[in-house]
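Report on the structure
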Amino acid sequence: MRRLALTLTAGAALAVAGVSIPAASAAPSAPARHGNERTCAAPARGYAACFARVVTDSSGKPLATSTPSGYGPADIRSAYNLGSASSGGKTVAIVDAYNDPTAESDLAVYRSTYGLPACTTANGCFQKVNQSGGSSLPKTDAGWATEISLDLDMVSAACPDCKILLVEASSASFANLGAAVNYAAGRGVAAISNSYGGSDSSQSSAYDHPGIAITASTGDGGYGVESPASYGTVVAVGGTSLHKASTARGWSESAWSGAGSGCSTLNAKPAWQTSATQCSGKANADVSAVADPNTGVAVYDSTRYQGRSGWQVYGGTSASSPIIASVYTMGGNLSGYPASYTWAHSSALNDVTSGSNGTCATSVWCNAGSGWDGPTGLGTPNGVGAF
């Protein structure tokens, strides 16, 4: 069972769009023995699973506390040099399966705790709909509800002035999730985050919307390819372990051992991916952000999962996908397929050069190194210059 390296959320106060983001307080102590677990079961063919991973206590239950532990908004914006970057009120869409009945109220707790402006249905910042835009919502699923809370909180952390559209698919089938993506794409959003995946599959037109940053998690099982991240029209988002460090940046990163990577055998290599990937098909990942539950993020969720609710610590490439979607929304370089802009401006990223996610035939597919590598892609945000 993995041991959690607890982090102190003590980043400097930041500001965005005139909003002060207070420095987070030190994290409370946690039980000495714990690990982490996925909150969604492995999917059947034609279905996806969410990639949220929750930190657990010595009994194997989610570790829930009355105050936040793990990285908060000040940490995320500091780690990725987001400074005063702003979206100008653009919208990030979150696509997930099933209903989280407490999504809006949980989001309110997260944002008020960290001093972020309210994001509600009443003020026009938040909207929750079904996969066709209606108000008749799907059934509740506690595992997917944790995913939704993680996604909403990470958009808030990275981009406090982003509006949020939550589209809840009727089930975790790719048909229903694709319908939700299509609906979101027609609503004028800047980015659509998809923190889920299943086995490698052929490109779906539902995820092909030029002018929108469609991000997808590469998975939490280490070396291996997942869809929709493997689609050529999608920004595949890998994962890192993120630590405070005595460096000019103030942070260090390495490839997270659980981050998915590899070469699709079903989807063609996009024109902007270079020979650095050594893949004949679409290579995962393109970019990355924090995903290791051992250096996880604070999330508030009151829909009980495994009998627990409250403040919890999460990771998985489910965390990195909404962070990257938010950075694209602030960067605003969305013409055509936004991944092409990132590949052309990779010098504006933090290059992650250490860590591994498994064993593979070609070293660069599973071992971090200078330039592109499978687990972390081209690197992590260093401001919005590559987005």
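A few points on the structure. (Residues numbered from 1 in each chain as written. Predicted model: local features only at pLDDT ≥ 70, side-chain atom pairs only at ≥ 80, totals over all residues. Heavy atoms only, no water.)

Turning to the packing of aromatic side chains, a few remarks are in order. Aromatic ring pairs are described here by two measures, namely the spacing of the ring centres and the angle between the planes. Tallied over the full model, the rule gives nine aromatic pairs. Both rings, one in tyrosine 71 and one in tryptophan 251, keep their centres 5.3 Å apart while their planes meet at 75 degrees; by these two values the pair is edge-to-face. A residue pair is termed long-range when its members are at least 10 positions apart, and tyrosine 71 in the loop between β5 (53-55) and α1 (73-79) and tryptophan 251 in strand β14 (residues 251-255) qualify at 180 residues. With a relative accessible area of 1%, tyrosine 71 lands in the buried category. You can call tryptophan 251 buried: its relative accessible area is 5%. (Phe/Tyr/Trp six-rings, centres within 6.5 Å; stacked < 30°, edge-to-face > 60°. Helix = DSSP H or I, 4+ residues; strand = E, 2+ residues; numbered from the N terminus. Buried < 20%, exposed > 50% of the residue type's maximum accessible area, 1.4 Å probe, protein only.)

In spatial order, the strands read β4-β10-β12; together these three strands make up an open sheet with antiparallel pairing. Every interior strand has two partners, whereas the edge strands, β4 (49-50) and β12 (226-227), have only one. The pairing of strand β10 (residues 196-199) with β12 spans two bridges and is antiparallel. Its bridge partner lying in β12, glycine 198 is registered against serine 227. Helix-sheet contacts for helix α4 (residues 174-185) involve β10 and β12, and the interaxial angle to β10 is about 140 degrees. (Pairing = 2+ DSSP bridges. Contact = heavy atoms within 4.5 Å. Axes fitted to C-alpha atoms, helices over the stretch in contact; angles between N-to-C directions.)

As a working rule, side chains carrying opposite charge can pair if their charged atoms are close by. Enumeration over the complete set of coordinates arrives at four salt bridges. With its nearest N and O atoms 2.9 Å apart, the salt bridge here joins arginine 308 to aspartate 57. On the criterion of sequence distance, the pair formed by arginine 308 in strand β19 (residues 308-315) and aspartate 57 in the loop between β5 and α1 is long-range, its members being 251 residues apart. The class of arginine 308 is partly exposed, set by a relative accessible area of 26%. Residue classification places aspartate 57 among the buried residues on the basis of a relative accessible area of 12%. Aspartate 286 is paired through a salt bridge with lysine 282; the nearest N and O atoms lie 3.8 Å apart. (Salt bridge = Lys/Arg side-chain N within 4 Å of Asp/Glu carboxyl O.)

Mapped onto the elements, threonine 240 comes out in strand β13 (residues 235-244). Given the relative accessible area of 0%, threonine 240 is considered buried. At 2.7 Å, the side chain of threonine 240 and the side chain of glutamate 253 are in polar contact. (Polar contact = N/O pair within 3.5 Å; in protein donor to acceptor, adjacent residues only side chain to side chain.)

Regular strands place side chains that alternate from one sheet face to the opposite one. Counting buried positions along strand β6 (residues 91-97) yields seven of seven residues, so the element is predominantly enclosed. By the bridge criterion, seven bridges tie β6 to strand β8 (residues 163-169) in an arrangement that is parallel. If you follow threonine 91 over to β8, its bridge partner there is lysine 163. The pairing of β6 with strand β9 (residues 191-194) spans four bridges and is classified as parallel. Paired with alanine 93 across the bridge in β9 is isoleucine 192.

A separate point is the state of the cysteines. One pass over the structure, following the stated rule, counts five disulfides. Two residues, cysteine 40 and cysteine 50, share a disulfide whose sulfurs are 2.0 Å apart. Looking down the S-S bond of the cysteine 40 and cysteine 50 bridge, the torsion is 100 degrees, so its handedness is right-handed. Pair noted here: cysteine 40 is in the loop between β3 (36-38) and β4 and cysteine 50 is in strand β4, with a separation of 10 residues, a long-range link. Note on cysteine 40: relative accessible area 5%, which makes it buried. Between cysteine 119 and cysteine 125 runs a disulfide, and the two sulfur atoms are separated by 2.0 Å. Sign of the S-S torsion, about -85 degrees for the bond between cysteine 119 and cysteine 125, identifies this disulfide as left-handed. Cysteine 119 gets classed as buried once you look at its relative accessible area, which sits at 3%. (Disulfide = S-S within 2.5 Å.)

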